[in-house]
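Next come the chains, spelled out residue by residue.
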Amino acid sequence: MRIDVVTLFPDFVRQCAAVGVVGRAQQRKLLQVEAWNPRDYTADRHRTVDSSSYGGGPGMVMLIEPLRKTLEVVRDAAPDPAHVIYLSPQGARLTQGRVEALAKLPRIALLCGRYEGVDERLLAHEVDEELSIGDYVLSGGELAAAVIIDAVGRLQDGALNDAQSAEQDSFSDGLLDCPHYAKPVHDALGSVPEVLLSGDHAAIARWRHKQSLGRTWLRRPELLAQRALDAESRALLDEFRREYVTARN
Ligand code: ADE
């Protein structure tokens, strides 16, 4: 997969994409991340990329022309068509489901705004989708782009060392992840739940699923409301609730 990022801070994006799982995915040629600076596609001496907003008010707006030219160069840089995403707080909220769909595309381009945003006409004509990473305002789209690169990059086939770990992620089945433990078995902070030491794989899977359901119920109940539980999951969640209430009394 190829990801092109249009940004006034290309070094930041390149550095984010050079470390950890994403960096390794790039080394393994599973992912290619390229960053492009619209200042390189300006025609004036000052390399101007922004201007004041018509109608007045504080803040600058990113100009059409440098971005249009940059996107033209980006589109021409590889044969696959690029699905262009603009990062902004006005976008649809990014979800793991959306990440999984984006990870299957051969190519996406991420447009990072700065200042008050980007001229609406450029967005209307050049952008396929607008995404937000949450209901808060960042000073630019770069961190959001880094989030998407990471979330999408780790899903590329062969990017994770243990292929199972993506399947067990939080949200991959609409639930939060279960708790995890490593050595020592006994510690001043507590002991590892006995079932995890039993070697009984079915019992372990059942316990983990119960913990996932229970945590989702406790921390993100709206996720449970959005999804129909089968009879077994309902029984497990009831069991979790009973144990939870007993432990609190
Ligand atoms: N740019 C500024 N804030 C943002 C957000 N919350 N999500 C995506 N892009 C942004």
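Rules and cut-offs
- Residues numbered from 1 in each chain as written.
- Predicted model: local features only at pLDDT ≥ 70, side-chain atom pairs only at ≥ 80, totals over all residues.
- Heavy atoms only, no water.
- Helix = DSSP H or I, 4+ residues; strand = E, 2+ residues; numbered from the N terminus.
- Expected span 1.5 Å × (residues − 1).
- Contact = heavy atoms within 4.5 Å.
- Phe/Tyr/Trp six-rings, centres within 6.5 Å; stacked < 30°, edge-to-face > 60°.
- Domains from an automatic or database assignment.
- Near = heavy atom within 4 Å.
- Polar contact = N/O pair within 3.5 Å; in protein donor to acceptor, adjacent residues only side chain to side chain.
- Areas by Shrake-Rupley, 256 points an atom, 1.4 Å probe, with all protein chains shown as cover.
- Core = buried A, V, L, I, M, F, W, Y, C linked by side-chain atoms within 4.5 Å.
- Buried < 20%, exposed > 50% of the residue type's maximum accessible area, 1.4 Å probe, protein only.
- Pairing = 2+ DSSP bridges.
- Patch = residues over 30% accessible without salt bridge, like charges linked within 9 Å, V, L, I, M, F, W, Y side chains within 5 Å.
- Salt bridge = Lys/Arg side-chain N within 4 Å of Asp/Glu carboxyl O.

Some thoughts on helix α10 (residues 231-248)
Under the 1.5 Å per step criterion, the end-to-end length of α10 is 26 Å for 18 residues, consistent within 8% with the ideal 26 Å. Structurally, α10 contributes buried residues whose contacts are with α8 (201-219) and α9 (221-225).

Digging into the packing of aromatic side chains
Tallied over the full model, the rule gives three aromatic pairs. On the basis of an interplanar angle of 80° and a centroid distance of 6.3 Å, the ring pair of Trp-217 and Phe-240 is categorised as edge-to-face. Here the residue Trp-217 occupies a position in helix α8, and Phe-240 occupies one in helix α10, the gap between them amounting to 23 residues. Between Phe-240 and Tyr-244, the ring centres sit 6.3 Å apart and the planes meet at 10°, which makes this aromatic pair stacked. In this pair, Phe-240 and Tyr-244 are both assigned in helix α10, four residues apart and thus about one turn of the helix distant.

Overview of the domain arrangement of the protein
Each assigned domain of the protein is listed here: domain 1 (2-153) and domain 2 (169-248). Taken over C-alpha atoms, the centre of domain 1 sits 38 Å from the centre of domain 2.

Describing the site of the ligand
Near the ligand you find Leu-87, Ser-88, Pro-89, Leu-131, Ser-132, Ile-133, Gly-134, Tyr-136, Val-137, Leu-138, Gly-140 and Ala-144, and these make up its full shell. Gly-134 has a polar backbone atom sitting 3.1 Å from a nitrogen atom of the ligand. In this structure, a nitrogen atom belonging to the ligand sits 3.0 Å away from a main-chain N or O atom of Leu-138. Expressed as a share of its isolated accessible area of 260 Å², the protein-covered part of the ligand is 97%. Mapped by element, the contributors of at least two residues to the shell around the ligand are β5 (83-93) and β8 (129-132). With three residues, the single largest contributor to the shell around the ligand is β5.

Examining the nonpolar core
Of all hydrophobic cores here, the largest spans 27 residues; its most connected members are Ile-3, Val-5, Leu-87, Leu-110 and Ile-149. Of all the secondary-structure elements, those providing two or more residues to this core are β1 (2-6), α2 (20-27), β2 (32-36), β5, α4 (96-103), β6 (107-112) and α6 (142-153). Among the elements that make up this core, the one with the highest residue count is α6 (six residues). Those residues in contact with Leu-87 that lie beyond four places of it in its chain are Leu-110, Leu-111, Cys-112, Gly-113, Leu-131, Gly-141, Ala-144, Ala-145 and Ile-148. By size, the runner-up hydrophobic cluster in this structure holds 17 residues, among which are Leu-8, Met-62, Leu-111 and Leu-122.

Let's talk about the sheet that holds strand β3 (residues 50-52)
Read across the open sheet, the three strands follow the order β3-β4-β7; overall the sheet is mixed. Every interior strand has two partners, whereas the edge strands, β3 and β7 (117-118), have only one. As paired elements, β3 and strand β4 (residues 60-62) share three bridges and run antiparallel to each other. Bridge assignment links Ser-51 to a residue of β4, and that residue is Val-61.

Some details on a nonpolar patch on the surface
Nonpolar side chains collect at one region of the surface, where Phe-9, Phe-12, Tyr-136, Leu-138 and Leu-143 lie side by side and expose about 450 Å² of accessible area between them. When you line up the elements, Tyr-136 lands in the loop between β8 and α6. The exposure class assigned to Tyr-136 is partly exposed, which follows from its relative accessible area of 44%.

Points about unusual backbone geometry
In this model, Lys-183 is joined to Pro-184 through a cis peptide bond whose omega is 5°. Notably, Lys-29 is not glycine yet its phi reads approximately 65°, a positive angle. Turning to its location among the elements, Lys-29 is positioned in the loop between α2 and β2. A positive phi is found at Arg-47, a non-glycine position, where the angle reads about 55°. Note on Arg-47: relative accessible area 37%, which makes it partly exposed.

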